[in-house]
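Commentary on secondary and tertiary structure
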Amino acid sequence: MWFLFALLTAFAWGAADLFYKKGSDPGDRYSHIKIVIMVGLVMGIHAISYMLIQGIAFDPIDMLRYLPVSALYILSMTLGYIGLRYMELSIASPVQNSSGAVTTILLFIFFTHVLSGIQVTGIILITGGVVAIAVLEKRQELRMLRADSAVLDKKYQIGVMAILFPILYCIIDGLGTFADGIYLDELSLISEDAALLAYEFTFFLCAVIAFIYLKWIKKQSFHLFRERVKGYAAIFETIGQFFYVFAMANNAIIAAPLIASYSIFSVILSRLFLKERLSKLQYSVIVVVMLGIALLGIADEL
């Protein structure tokens, strides 16, 4: 079932990525804080509902036990939200989306794994395709911006901030997923349900702190029902997180790069809902990634 869970995670996070970009306001310096609040709120609601429906007795100590993983994820996500303000001509997507490969390499180095030729080929196709589609997206965006104006606005220039955030995201998210692989799969230090609840309640606490900071320290207004796009992103983020822990608990070294292909689903969804066209080269890359995913699925059945 890990393969299905990984696919569902990639699809959900692809949809979340679409709404993150739509909900990010380059002119609002607190946009990333508002996203954290929305994601934490939805995750808190889901955690409470899941706990009550499943009749799970949650131990708050699990939050401390799982804190190294939660902290890495939340930090990388927050940096990613901030980086959305510098996304126009940054190398964010190609760098960020290589975090799955970082995780696979770390798990392969520190733990004993024997990967078949089909699995290695699938991982290479997916990782290469994910980076390629991101590069093509940025090139297309650059051409569009140059066509619109002879002189690019300063905010569209590639600067230190535009490069720094995706690099930090890649490293920290890769380490977080590596740690998750250890907790859930390699050493089984925590159950899937406990990890899910621990992470979501930790994110909820971060959202509470972020709300207090925004509302009473920075004196900024926050209207819950005016943040619908961020809310949609939070819902898909939470759905993806639900399936993610179960995928990582069974086959982390293979699931990590497969889940990282969520950017491909984001591109496909943006074309479907925003009516944007894909070039032949982009279609070719998507086919390559889908082939890689199919190979991992075949390998799982062998």
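What this report covers is the structure whose coordinates are included nearby. Just so it is clear, the model here is predicted, and its values are computed rather than measured. (Residues numbered from 1 in each chain as written. Predicted model: local features only at pLDDT ≥ 70, side-chain atom pairs only at ≥ 80, totals over all residues. Heavy atoms only, no water.)

Section: a nonpolar patch on the surface
For the record, the criterion: Patch criteria: residues need more than 30% relative accessible area and no salt bridge. Like-charged residues are merged within 9 Å; nonpolar side chains of Val, Leu, Ile, Met, Phe, Trp and Tyr are merged within 5 Å. Reported accessibility uses the Shrake-Rupley method at a 1.4 Å probe radius. Residues are deemed covered only where the shown protein chains occlude them. Salt bridges, as used here, are contacts in which a Lys or Arg side-chain nitrogen is within 4 Å of a carboxyl oxygen on Asp or Glu. Numbering of helices and strands runs from the N terminus; a helix is a DSSP stretch of H or I covering at least four residues, while a strand is a stretch of E covering at least two. Burial status follows relative accessibility: with a 1.4 Å probe on protein chains alone, a residue under 20% of its type maximum counts as buried, one over 50% as exposed, and anything between as partly exposed.
Nonpolar side chains collect at one region of the surface, where Phe204, Leu205, Val208, Ile212, Tyr213, Trp216 and Ile217 lie side by side and expose about 650 Å² of accessible area between them. Following the sequence through the fold, tryptophan 216 ends up in helix α9 (residues 192-217). The class for tryptophan 216 is exposed, based on a relative accessible area of 51%.

Structural notes on the packing of helix α2 (residues 31-54) against helix α10 (residues 228-259)
Going by this rule: Note on definitions: angles span 0 to 180 degrees between N-to-C directions of axes, and those axes are lines fitted to C-alpha atoms, for helices only across the stretch in contact. For classification, angles of less than 35 degrees are called roughly parallel, those exceeding 145 degrees roughly antiparallel, those between 65 and 115 degrees roughly perpendicular, and all remaining angles oblique. Each crossing gets its hand from how the near helix is turned against the far one by less than a right angle, where anticlockwise is left-handed and clockwise is right-handed. The contact criterion used throughout is that any non-hydrogen atoms of two residues lie within 4.5 Å. Following the grouping adopted for this structure description, the nonpolar residues are Ala, Val, Leu, Ile, Met, Phe, Trp, Tyr, Cys and Pro, the charged ones are Asp, Glu, Lys and Arg, and the polar ones are all others, Gly among them.
Between α2 and α10, the shortest axis-to-axis distance is 9 Å and the interhelical angle comes to 50°. Classified by the angle between their axes, α2 and α10 sit oblique to one another. Note on packing geometry: the crossing formed by α2 with α10 is right-handed. For the pair α2 and α10, contact is made by Ser31, Lys34, Ile35, Met38, Val39, Val42, Met43, His46 and Tyr50 and by Lys230, Gly231, Ala234, Ile235, Glu237, Thr238, Gln241, Phe242 and Phe246, respectively. Classifying every residue of the contact of α2 with α10 gives ten nonpolar, five polar and three charged.

Some points on the side chain of aspartate 28
The condition that has to hold: Counting of polar contacts relies on pairs of N or O atoms within 3.5 Å, with two restrictions inside protein: one atom must be capable of donating a hydrogen and the other of accepting it, and residues adjacent in sequence are counted only when both atoms are side-chain atoms.
Here aspartate 28 lies in the loop between α1 (2-23) and α2. Assessed through its relative accessible area of 14%, aspartate 28 is described here as buried. A polar contact of 3.0 Å, which involves the side chain of aspartate 28, links it to the backbone nitrogen of tyrosine 30. Within polar-contact distance, the side chain of aspartate 28 engages the side chain of lysine 34 at 2.9 Å.

Comments concerning the pattern of salt bridges
Counting across every chain of the model gives three salt bridges. The residue lysine 34 makes a salt bridge to aspartate 28 at a minimum N-O spacing of 2.9 Å. For the pair shown, lysine 34 and aspartate 28 are each scored as buried. Close ionic contact of aspartate 62 with arginine 65 constitutes a salt bridge, the shortest N to O distance being 2.1 Å. One end of the pair, aspartate 62, and the other, arginine 65, are both in helix α3 (residues 61-65), three residues apart, so they sit about a helical turn from each other. A residue is classified by how much of its surface remains accessible, and aspartate 62, at 10% relative accessible area, is buried.

On their own, these measurements won't tell you what the molecule is for.
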